[in-house]
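Here are the chains, one letter per residue:
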Amino acid sequence: MRKLPPLLLILALSVSGMTARADSTLTVTGMASVAATPDLATIQLGVTTTGATAGAAMKANSAALAAVIARLQAAGLPAKDYQTTNLSLNPNWVSNAAGSGSEVNGYIATNLLTIKVRAIDQVGTVLDAAITDGANTLNYLNFGLQDPRPVEDEARKRAVADAIARATLIATAAGSKLGAIQSITEGGAPGPMPGPMFRMAAEQVPVAAGEVETSAAITVVFELTQ
């Protein structure tokens, strides 16, 4: 094997150790929101009762909740659309007469149902029916979509278009051009959010149905060319 002269050997090693300069890239996050009319309401409500004993508190609670469920059924709510999601029985602690500590003064029973109402115009009717027959605890009322996928996909499309528009503007201002897409990442998108719109049902609980807004955020990395 022929040996290289020292100078040529140094040059050969230097060339082999060089790395190509990394291409310039531009990272942009596109964002978009799509509003839609809700077609699903989720309610958590139930009954809270007290009693001198644990058994008395639970018995009163069971009777009241049975009446609430009967009214929900009479209002046309199918059994598959309500479910017990919280059941608790706890001592009611109060300060003693001397003020030196706590003592049990009866018991508190709570039974909560999570209800899905698939006809928004019936939300007031359902609330009114439940409250009329003993529901005295209402934790939340949320509006959403039974099938959110089409709206989510539309938000994603608009977010990608927004990313491309932002990247084109930035690259042009910098005197460059967009090259191939290096990567696309989805993330940071909040779920459906309720918007304001007031709707009143006669002789029923007033409900603000509004709109729900679905957002998407798409991060795209572009190659930059001259």
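Remember, predicted model here, so these are calculated numbers, not experimental data.

### Quick notes on the overall build of the chain
Counting secondary structure elements, the chain contains four helices and eight strands. Listed N to C, the secondary structure of the chain is α-β-β-α-β-β-α-β-α-β-β-β in terms of helices and strands. Burial analysis of the chain (226 residues in total) assigns 30% to the buried set. Counting only contacts in the chain whose residues sit at least 6 apart along the sequence, the fraction spanning at least 24 positions is 79%.

### What to know about the sheet that holds strand 3 (residues 82–95)
Strand pairing in a sheet is mediated by backbone hydrogen bonds. Such pairs are either parallel or antiparallel. Spatially, four strands are ordered 3-4-2-5 in an open sheet, and the strand pairing comes out antiparallel. Looking at which strands have only one partner, the edges of the open sheet turn out to be strand 3 and strand 5 (137–144). With strand direction ignored, the average angle separating the axes of adjacent strands in the sheet is 15 degrees. Here strand 2 (residues 40–51) runs beside strand 4 (residues 102–117); their pairing, made up of 11 bridges, is antiparallel. Of the residues in strand 4, the one forming a bridge with Gln44 is Thr114. Together, strand 2, strand 4 and strand 5 form the strand contacts of helix 3 (residues 123–132), whose direction differs from that of strand 2 by roughly 5 degrees.

### Here we look at the pattern of salt bridges
Scanning the entire structure with this criterion turns up seven salt bridges. A salt bridge links Arg118 to Asp81; its shortest N-O distance comes to 2.9 Å. Highlighted residues: Arg118 in the loop between strand 4 and helix 3 and Asp81 in the loop between helix 2 (54–74) and strand 3, separated in sequence by 37 residues. For Asp162, the salt bridge goes to Arg166, with nearest N and O atoms at 2.6 Å. One end of the pair, Asp162, and the other, Arg166, are both in helix 4 (residues 149–173), four residues apart, so they sit about a helical turn from each other. Looking at Asp162, the relative accessible area reads 22%, which means it is partly exposed.

### Remarks on helix 3
Listed as buried for helix 3 are Val123, Gly124, Val126, Leu127, Ala129 and Ala130. Where helix 3 terminates, the next one or two residues include Gly134, which has phi positive at roughly 120 degrees.

### Here's the deal with the side chain of Gln44
With respect to the helices and strands, the residue Gln44 is situated in strand 2. Residue Gln44 is classed as buried on the basis of its relative accessible area, which comes to 11%. Setting aside residues up to four positions removed in sequence, Gln44 forms contacts with Thr85, Leu112, Leu113, Thr114, Thr137, Leu138, Asn139 and Tyr140.

### What about the pairing of strand 4?
Each regular strand carries side chains that alternate between the two faces of the sheet. Here 12 bridges tie strand 3 to strand 4, and the two strands are oriented antiparallel to one another. Bridging from a neighbouring strand, Tyr82 pairs with Ile115 of strand 4.

### Looking at helix 4
In an α-helix there are 3.6 residues to a turn, and that puts residues three or four apart on one side. Counted at 1.5 Å a residue, the expected span for helix 4 with its 25 residues is 36 Å, and the 36 Å between its end C-alpha atoms agrees. Taken together, the buried positions of helix 4 are Val151, Ala155, Ala159, Ala163, Ala167 and Ala171. The secondary structure elements touched by the buried residues of helix 4 are strand 1 (25–36), strand 6 (177–186) and strand 8 (212–225). Gly175, located one to two residues past helix 4, shows a positive phi value of around 75 degrees.

### Comments concerning the confidence of the model for the chain
For the chain, per-residue confidence averages 85 on the pLDDT scale, and 82% of positions sit at 70 or higher. Within the chain, the lowest mean pLDDT, 38, falls on helix 1 (residues 6–17), and the highest, 97, falls on helix 4. Taken together, the stretch residues 193–203 has pLDDT below 50 and engages in 21 contacts with residues farther than four places along the chain or on a different chain.

### Side note on the nonpolar core
Core analysis: the biggest nonpolar cluster contains 38 residues, and Ile43, Leu45, Val68, Leu72, Ile115, Val123 and Phe143 have the highest contact counts within it. Those elements giving two or more residues to this core turn out to be strand 1, strand 2, helix 2, strand 4, helix 3, helix 4 and strand 8. Those residues in contact with Ile43 that lie beyond four places of it in its chain are Leu113, Thr114, Ile115, Val117, Val123, Val126, Leu127, Leu138, Tyr140 and Leu141.

Conventions used here
- Residues numbered from 1 in each chain as written.
- Predicted model: local features only at pLDDT ≥ 70, side-chain atom pairs only at ≥ 80, totals over all residues.
- Heavy atoms only, no water.
- Helix = DSSP H or I, 4+ residues; strand = E, 2+ residues; numbered from the N terminus.
- Buried < 20%, exposed > 50% of the residue type's maximum accessible area, 1.4 Å probe, protein only.
- Contact = heavy atoms within 4.5 Å.
- Pairing = 2+ DSSP bridges.
- Axes fitted to C-alpha atoms, helices over the stretch in contact; angles between N-to-C directions.
- Salt bridge = Lys/Arg side-chain N within 4 Å of Asp/Glu carboxyl O.
- Expected span 1.5 Å × (residues − 1).
- pLDDT = per-residue confidence, 0-100.
- Core = buried A, V, L, I, M, F, W, Y, C linked by side-chain atoms within 4.5 Å.

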